[in-house]
Amino acid sequence: MREFIHGEQLRGHTAVVLGAGTSGVAAARLLVRLGASVRLLERNEAVAAAVPADQGFSVIGGEHKAEHFQGADLVVMSPGIPRAKVASLLPAGAQVVSELELASWFVSEPIIAVTGTNGKTTTTTLIGRILEHSGRRVFTGGNIGTPLSDYVLGQEQAEILVLEVSSFQLQNSPSFHPNVGVLLNFSANHLDYHETMEEYLQAKLTMFAHMDARDLAVVPLSMKDELEGRNFTRANRVYFVASRRFECPGLPGEHNRENMEAAFLACRHFGLSEDEVRSGIEGFSSLPHRLEAVAEHRDIFFVDDSKSTTVDSMIAALKSQERPVRLLAGGVFKGGDLGAVLPHIRERVRGIYLFGRSREIFEEAWAGCGKEIHWDPTLEEALFRAASEARGGECVLLSPATASFDLFDNYKERGKAFQRAVREWVEGAA
């Protein structure tokens, strides 16, 4: 742990951490190191039982009860648990924060924080790569990879921290203050978590409210009127649009041109030149399950965009393809205007192959689109149908516009299932 952290700062305090995921366990370990008495609560008893023992905190599995929170001064919320669900159990006067907020109290390094509905992981990873390529020591993590608490507990010292941050984290981060805040875009999403679009947007904007004139807000030009009308930050502001400034075959589509431009503006704040950024972008390839090329057989191209969990990300995926598309979609729909996809379906899509849940939502929204709409209970069946009907020169694209939790644990497992099915189909068709 870094020397500037006093290991006894929370001695005598009681802390409760909700959720035994990666960030929850990291927060519990940090709180123990700071001297607190810590309880880690996890509703899933199998997950609770899998937490390694002898880490200095107690683990309680099963339904949350008021007694589990008794005496707590500090409650650290899992990003996946809306505060409203446990509000009645929280002790009066307890401070409620995210793991991101907690860890941020103990770092002094400059922070670039990236949020938005789509493109966060790609842009966060890209910024980290550009900075590393320029010779900076960088920690890249947050909502992807390594939680900030693990960085605080570690020994390596970075010059710049590059963090992906979600609305779930920001909603419980009352003082989190990046030096550069990047908002990539905003559209309907997580309406199964946030009660309204306004609540969702306010969560995204929280970190900008804490920034000042020494800081930089990198935000889309398309939101300028909305954001300026809200007087959303005291930071310097720069508005970006997609440009032809950078070329990268591994980052196809207009949305990735926006991501590259935002990354450039964030890195420029730390003194990087346009040429340094260009050099860092060269050779960057799509991350797994983000418009990832899987296979090509009989001139049929297979693309895994399982990370597409929103309507806007589906539109971006369709716009990125030069070939006619056989589109696979379906899962747990989180909100958004599927009608906005219709012009792109009419222009680019040869057939629609639904799977899993939300069949009725898609079929109603796309009725009369002029394309055949099929449904299968599983992703594998939908893929085999689409691949069998595809013709040379076409693309079979998985871009679900939904969460994966009807059939899979997460989008990664959904993407892996798609890739396995593609390989199986290719072997059978060889």
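Quick note: structure is the one above.
Criteria and thresholds
Note that residues are indexed from 1 along each chain, following the sequence as it is written. Two thresholds apply to this predicted model, a pLDDT of at least 70 for residue-level local features and 80 or more for giving and counting side-chain atom pairs, whereas whole-chain, interface and lining totals are computed over all residues. The side-chain quantities take in all heavy atoms of the structure and omit both hydrogens and water. Under the pairing criterion, centres of Phe, Tyr and Trp rings, with the six-membered ring standing for Trp, must be within 6.5 Å; the plane angle then separates stacked pairs below 30 degrees from edge-to-face pairs above 60, leaving the rest tilted. Counting from the N terminus, the helices are DSSP H or I runs at least four residues long and the strands are E runs at least two residues long. Only protein chains enter the accessibility calculation, which uses a 1.4 Å probe; a residue is then buried when its area is under 20% of its type maximum, exposed when over 50%, and partly exposed in between. Charges are assigned to positions over rings by a cutoff of 6 Å between ring centre and Lys NZ or Arg CZ, combined with an angular limit of 35 degrees from the ring normal. Paired strands, in this sense, are two strands between which DSSP finds at least two bridges. Working convention: axes come from line fits to C-alpha atoms, limited for helices to the stretch in contact. Angles between N-to-C directions cover 0 to 180 degrees. In this analysis, two residues are considered to be in contact whenever any of their non-hydrogen atoms come within 4.5 Å of each other. Salt bridges are defined as contacts in which a side-chain nitrogen from Lys or Arg sits within 4 Å of a carboxyl oxygen from Asp or Glu.

Caption draft 1: Geometry of the packing of aromatic side chains. Taken as a whole and assessed by the stated rule, the structure comprises eight aromatic pairs. Ring geometry for Phe302 and Trp425: centres 5.7 Å apart, planes at 55°, overall tilted. Note that Phe302 is positioned in strand β13 (residues 300–304) and Trp425 in helix α16 (residues 411–429), a separation of 123 residues in sequence. You'll find Phe302 and Trp425 in the same group, each marked buried. Judged by centre distance (6.0 Å) and plane angle (70°), the rings of Phe333 and Phe362 are edge-to-face. In this pair, Phe333 is assigned in the loop between β14 (325–329) and α13 (342–348) and Phe362 in helix α14 (residues 359–365), connecting sequence segments 29 residues apart. Each residue in the set Phe333, Phe362 and Trp366 is aromatic and connected to the rest through ring pairs, giving one cluster. Over the ring of Tyr411 we find Lys307, and its NZ or CZ is 5.3 Å from the ring centre.

Caption draft 2: Structural view of the sheet that holds strand β9 (residues 180–183). In space, the six strands of this open sheet follow the order β7-β8-β6-β9-β10-β11, with parallel pairing throughout. Where the open sheet ends on each side, the last strands, each with one partner, are β7 (138–142) and β11 (236–240). Strand after strand, the sheet turns through a mean of 15° between neighbouring axes, direction not considered. Looking at chain direction, β9 and strand β10 (residues 216–220) are connected through three bridges and run parallel. When the bridges of β10 are listed, Val180 appears paired with Leu216. Helix-sheet contacts for helix α5 (residues 120–133) involve β6 (111–115), β7 and β8 (160–164), and the interaxial angle to β8 is about 165°.

Caption draft 3: How the structure looks around the pattern of salt bridges. Under the criterion given, the structure shown has 20 salt bridges. Across the salt bridge formed by Asp212 and Arg214, the nearest N and O atoms sit 2.6 Å from each other. Note that Arg245 and Glu261 form a salt bridge whose closest N and O atoms lie 2.6 Å from each other. Taken as a pair, Arg245 in the loop between β11 and α10 (254–268) and Glu261 in helix α10 lie far apart in primary sequence, 16 residues in all. The buried category is assigned to Glu261, whose relative accessible area is 6%.

From the geometry alone we can't say anything about function, so treat these as descriptive.
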